[in-house]
Each structure stands twice: as C-alpha cells, then as structure tokens.
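Observations on chain architecture
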Amino acid sequence: MALPLTALEKTNDQKPGPSTHLGARVKKYIANQWMALASFIGVILIWEIYVRLAKVPAYVLPAPSVILQAMIEESPELLKHSWYTLYEVILGFLIGGAIGIPLAILIVYSKFAEKTIYAFLVASQAIPKVALAPLLIAWFSYGMTPKIVITTLMCFFPIVVNTVVGLNSTPSEMLYLARSLGASGFETFWKFRFPHGLPSIFAGLKVATSLAVVGAVVGEYVAGVNGLGYVQMIRAAFVRTTSVFAILMYLSILGIVLFNLISYIEKRVIRWDPKQQFERAQE
Amino acid sequence: MINSKNDEMNRAATGHSEKRGQTVSVEGVSKVYQTAGGPLKAIERTSFKIEPGEFVSVLGPSGCGKTTFLMVISGLIPCTEGYVMIGDRKVEKPYTDLGFVFQRDILMEWRTVLSNVMLPVEIKKLKPVEKYQERAHELLEMAGLSGFENSLPCELSGGMRQRVSICRALVSDPPILLMDEPFGALDALTREQMNDDLLKIWSKSHSMVLFITHNISEAVYLSDKIIVMSKRPGRILETLDLSDLPRPRNMTTKEFPAFNRHINKIRHIFVNQGILSGGEEETGYVDKLS
Ligand SMILES: Nc1ncnc2c1ncn2[C@@H]1O[C@H](COP(=O)(O)OP(=O)(O)OP(=O)(O)O)[C@@H](O)[C@H]1O
Ligand SMILES: [Mg+2]
C-alpha cells in the first residue's frame, strides 16, 4: 500500500533486545524494584535497632541479625525438612492442577457438570479446609499422604474457578469466527478458548501456590513427623522463638520461589498479556 | 469435501476470470432476539438476491440489524422466519466457504500477525501451505503491514489490527466476502486507500462482496448495488443500482454527476425516515421560541 504512514510505522518496529548480561539484568531488576527493596531494608533496620535499643528478649522478638544467624546455623536440619515440605507442596499442587483443569473443562462443556459438580464445589467452599486435617489423618494415617491431600484440596478450588472463568471469557465474535471457519469442537477449544483463557488459568495457579504452602504446613502441624511445619511446632513448644522465626523465613522463601517460578513460566507463555504490554510501553 | 478443497487451491493458484460464488438469496428473513427485556425484532421480513461477483453495500442507521443480517446469511445464527439460500443449498449451519470480517477486529492475541492471517488455511487444512503463505505475505504487504509479520497483535494500532483481520478473511480467496464495517476504525486517509485496495482485490478475485458501512459516499464509491435499510426492525427501504457509475472506479468517479446524485438520493431517503435531520430548518429554533 502506498501510504506515507507505512514508513512511520516501521520505525516503531524495534523490539527491545533481551538483556544478555547478567549484570545488566540485575541492574534492571534493582531499577524496577528499588522501592520494594528499600522499604524491605528499612523495616529490617528499624526492627534491628528497636530490638537492640529496647533490649527486647530474644524469646519475644529476636533481632533480624539473630534470625539470619539461626537460619544459617540450623540450615542442615531445616534444609532437610524443607525438602519434605517442598515435596508435599509440589505434589499437592500438581495433583490439584491435574484434576482441577480437566474438571474445569468438563464444567465448561457440560451443563450437567456445571449444575452438579460446580455448584457443589462452590457450596463446599463454606467448609474451612484446614478443619478437615484431623479427618484426613484418621483416613490416611500419618506420613505424607494426608498432607498432600490437604495441599491438593487447598489448590484445587482457585484452579478450577479461574480455569472456568478463563475458558468462559472467550468473546462471542471469536467463537463465531471459529464456527465460520468450520473449526471442530476440539479445535475451537484448543486454538481459541484455551489460549484465550490462559491468563486467567495462570492467575489461578499463582493463588494456588500460596495456598499449597499453607496446606502442607497445616498438615504438618496436625500430624507431622517431618517437614518445616512440624519442626516449627516443636520449636514453638520449647519457646525457641528465634528458631520459629528462622523457619518462618524458610517457608516464605519457599513460597516466594514457587510463586516466581510460576510467574516466570507465565511470562514465557503469555507474551500478549495486556498488563505486561502496558508496563513494557512505559519503559 | 475434497473437491471443494481442490477448488480453493485452484482459485488461489490461477487467477481465473469468470465471476465466482453462487447466488445468495434471502427470502422473507426475520430475526427476533430473545432478550432479558423480552423479544426484540432486529430484522423484519427481508428479501433480496445477490448475484455472483457483485459488490453490494448495506447502509443503515446504527442498531438497525446489519450485523444480524450478515450473521444470518452466513448461518452463524438461525433466523426466526424465512430462509437463506446460497446456490441451491439452504443455509442451516455455518457456511464456511466465505470470508468474514467482523465489526470488531478479533485477533488471536497469542499468534503473530502472519499466523493470524494463516488461521483459515490452518483450520480449513488448505494445501499447499507455502502457496497460501506467499499470498498472506502479499496481502500483508498490500495492507501496509510488511515488516510486522512476526509482531503480536498487541503491538499494533487499532487500524492495523483491523487490516490484519481483513487479510485473514482474504487469505483463502473465498468466493463470498462478508465485511461488517471493516473500515470503521480507520482514519480517513487509510480508509480511502483501503477502499481502492479492496476494489483491486475484488476485481482480481471476482468474488462477491457484501459490505456493511455507515458511510454513504464509501458505499456509492464501492458498490454495484446499495441496500438502504430502515431503523430497527431493519427493513429494506430501497435498493439502488449504481451501474451508471463506470468501473474501474477511481478519483474521477467522485466527480461524476451521478456520484453526487446517488449520495443525495440516499440522504433524502434517510431524511424522509427521520434518520437524518436534513440540516437547519428555515424557520429556526430560536425564531419559534421568541
Ligand atoms: N445477541 C443479541 N442478543 C440480543 N439482541 C441483540 C443481539 N445482537 C444484536 N441485538 C439487537 O439487535 C439489534 C440489531 O443489532 P445489530 O448488531 O445487527 O445492529 P447493527 O445494524 O449492526 O448496528 P451497528 O451499525 O451499530 O453495528 C440491536 O437493537 C441489538 O440490540
Ligand atoms: Mg453492526
């Protein structure tokens, strides 16, 4: 097309190249996150100074430096228990996803499933799942199974709901387009509805990771012989507050790592996310 | 099935000269939507025929049922009364041997521009893919989008997105093209250019075009026939024959007396219907008040 506009448009076609150097990436990360970092460091500093000046005893509130020391000193034992917890979290999460996503697809495609399973699921949200822990112990005994089951239960709901919402969000014109191209039912799902629902599905997965950690820890509280939740219970019983805080940090790190892992995969998969697009345009 | 695929391949491969497509006849079609506020009549007993190779525009006020009309013709939604025939087949399910440009550009955000354009080829499993790929590149170039083949739709402007969806409708070289206000989102300059490009493609492909627009002069410039519709429920007020505007159409077409005559005629129809006010009245508002 012989339009002068075309030339103008082409100049905008330079995509930001991926920053190759690790140093550059770290710099960029700090540039983006400096406010979060600064406020985090600020809180830690105030905490440290307060505990030292007010001479707060360590069994009430240990100073951050002391917690860090405990995290390092107790690391052999805590790392060992971290693996148990991590294992439960990941397995529970994967099972939750492996059941939740197909179930959501069933709900979206079957009026019957929507009226029965989905309605039941929504109603079942009134039950605090944490309160099921004693029951699950009774059924599955000690060991890892009850913890994985609780974790799965915790993950399950946000995954199902967000997948259903995502799959149902396909605009009607897109479905009309699929039909007028003669797309089969499977193609309509796989090439239109599923990719269109992915942002919402990932949102569900991200909520699920946080809940997965909660589920595993609760399971360990109630019937642990291993895992960070179990150790924390024991330490708390002996008023080893510093250790309790150290474990809390381990749990937080675990949660953050998992959340960021999903976010990373999400960014890789969904390059068309409007929010990302918006942010990229601000650079 | 196999035959129709071969047909499509041949059409893309050899630009042959006879008019393509089949007669589309709309017979006494009405459409009533069941809405929350009760039944809503969008189209009222409408009949007309479009011959192969014709370029027909539909003009009408907003909400009069133009989009509904295209949907019914393409079999995407059923009509309440009457029927639509394409060739000797009654349209009862989505008719797939056509290109549809929707009013809102619906692009797959997760696919690149090129892969969006290739979507019909992929779903209709047209072969050979390379041939269509070539055509996709040609179309994108004509639409001023070369260099953007590998961009994602979210990196395009509104007008560029609509141009991508036009390329997508054209890639399989369908014998029937349904276009729902395709240029509504474009600026006046690009719009004029796209009009000429569309005419160029149409005259080469010999396909039938059913084109919806709000723009009277665009309709007159492009069409063989114009169907003027009333307010909702949409009825045909008049069908204008524009065969006195010679083809090929170009800059000089707009200087023809017939060009302005047709525009004024359509304006008058709308004024009589109370859709256009026809400008200031001779005894102005202020006078009446005082
Ligand atoms: N899916 C639907 N359900 C219920 N009512 C609808 C539906 N689609 C359209 N309508 C109604 O039918 C009437 C005609 O709609 P349609 O979209 O065909 O108008 P249009 O002529 O294309 O308007 P525009 O020029 O603004 O695009 C409108 O009053 C609208 O409210
Ligand atoms: Mg419309």
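A brief look at the structure comes next. Per chain, residue numbering runs from 1 following the sequence as it is written. Each chain gets a letter, beginning with A, and each ligand a number, beginning with 1, in the order they are written. Whole-chain, interface and lining totals are the exception, using all residues; otherwise, since this is a predicted model, local features are given only for residues with pLDDT of at least 70 and side-chain atom pairs are given and counted only at 80 or more. The side-chain numbers reported here are obtained from all heavy atoms of the structure, hydrogens and water having been left aside.

**Observations regarding the interface of chain A and chain B**
Taken together, the contact pairs 28 residues of chain A with 41 residues of chain B. The term buried area means the drop in 1.4 Å probe accessible area that two parts suffer when joined, counted for both and summed. Summing the contributions of chain A and of chain B, the shared interface buries around 3,100 Å²; its carbon and sulfur component is 66%. Any carboxyl oxygen of Asp or Glu that lies within 4 Å of a side-chain nitrogen of Lys or Arg is treated as forming a salt bridge with it. With its nearest N and O atoms 2.9 Å apart, the salt bridge here joins B:Glu122 to A:Lys191. Polar contact is the term for a pair of N or O atoms within 3.5 Å; when the atoms are in protein, one must be able to donate a hydrogen and the other to accept it, and sequence-neighboring residues count only if both atoms are side-chain atoms. There are 4 residue pairs in polar contact (both at pLDDT 80 or more) connecting chain A and chain B. Helix numbers and strand numbers start at the N terminus; a helix is a DSSP run of H or I with at least 4 residues, a strand a run of E with at least 2. Of all the secondary structure elements, the ones that give two or more residues to the side of chain A that touches chain B are α1 (4–11), α8 (172–180), α9 (185–223) and α12 (274–282) of chain A. By the convention used here, residues are in contact when the closest approach between their heavy atoms is within 4.5 Å.

**Digging into the coordination of the magnesium ion (ligand 2)**
Looking at the magnesium ion (ligand 2), the protein donor atoms are B:Thr67 (OG1) and B:Gln103 (OE1), and they sit 1.9 to 2.3 Å from it. Of the two residues, B:Thr67 is situated in helix α2 (residues 66–73) and B:Gln103 in the loop between β6 (99–101) and α3 (113–117); the sequence distance between them amounts to 36 residues. Donor atoms (N, O, S) are those found within 2.8 Å of the metal centre, with the cutoff raised to 3.2 Å for Na, K and Ca; water is not part of the atom list, so apparent gaps in a site can occur.

**A look at the packing of aromatic side chains**
Residue and element names in this part refer to chain B. In this analysis, rings of Phe, Tyr and Trp, with Trp reduced to its six-membered ring, are considered paired at centre separations within 6.5 Å, and the interplanar angle assigns stacked below 30 degrees, edge-to-face beyond 60, and tilted for intermediate values. Considering all chains together, one arrives at 10 aromatic pairs over all chains under this definition. Ring centres 5.4 Å apart and planes at 45° place the aromatic pair phenylalanine 48 and phenylalanine 69 in the tilted group. Here phenylalanine 69 lies in helix α2 and phenylalanine 48 lies in strand β2 (residues 38–50), a separation of 21 residues in the sequence. Across this residue pair, the class does not change: phenylalanine 48 and phenylalanine 69 are buried. On the basis of an interplanar angle of 5° and a centroid distance of 4.2 Å, the ring pair of phenylalanine 100 and phenylalanine 102 is categorised as stacked. To sort residues, take the accessible area from a 1.4 Å probe on protein chains only and compare it with the maximum for the residue type: under 20% means buried, over 50% means exposed, and anything in between is partly exposed. What makes phenylalanine 102 buried here is its relative accessible area of 4%.

**Some words on the sheet that holds strand β9 (residues 225–229) of chain B**
Residue and element names in this part refer to chain B. Pairing is mixed in the open sheet, where 6 strands are placed in the order β6-β7-β8-β3-β9-β10. Whereas interior strands pair on both sides, the edge strands pair on one side only; in this sheet they are β6 and β10 (236–241). Across the sheet, the axes of successive neighbouring strands diverge by a mean angle of 15°, strand direction being ignored. Here strand β3 (residues 55–59) pairs with β9 via 4 bridges, running parallel. Bridge pairing links valine 58 to isoleucine 227 in β9. Helix α9 (residues 257–272) contacts β3, β9 and β10 of the sheet and is inclined by roughly 175° relative to β10. Two strands are said to pair when DSSP picks up at least two bridges between them. Think of each axis as a best-fit line through the C-alpha atoms, taken over the contacting stretch in the case of a helix, with angles from 0 to 180 degrees between the N-to-C directions.

**Let's talk about the environment of A:Tyr29**
Along the polypeptide, A:Tyr29 turns up in helix α2 (residues 22–53). Along the sequence, A:Tyr29 and A:Asn162 sit 133 residues apart, while their C-alpha atoms lie 29 Å from each other.

**Things to note about the sheet that holds strand β4 (residues 81–86) of chain B**
Residues and elements named next belong to chain B. Taken together, the 4 strands give an open sheet; going across it, the order is β2-β1-β4-β5, and neighbouring strands pair in antiparallel fashion. Strands with a single pairing partner mark the edges of an open sheet, and in this sheet they are β2 and β5 (89–90). In terms of strand pairing, strand β1 (residues 24–35) meets β4 through 5 bridges, oriented antiparallel. Its bridge partner being in β4, valine 24 is matched across the sheet by isoleucine 86.

**Some words on unusual backbone geometry**
All names here are of chain B. Here the amide bond leading from lysine 127 into proline 128 is cis, since omega sits at -5°, within 30 degrees of zero. With respect to the helices and strands, the residue proline 128 is situated in the loop between α4 (119–124) and α5 (129–142). Cis rather than trans, the peptide bond between arginine 247 and proline 248 has omega equal to -5°. On the secondary structure map, proline 248 appears in the loop between β10 and α9. The backbone phi angle of arginine 45 is positive, close to 30°, even though this residue is not glycine. Residue arginine 45 is classed as exposed on the basis of its relative accessible area of 56%. The backbone phi angle of lysine 125 is positive, close to 55°, even though this residue is not glycine. Mapped onto the elements of the fold, lysine 125 is located in the loop between α4 and α5.

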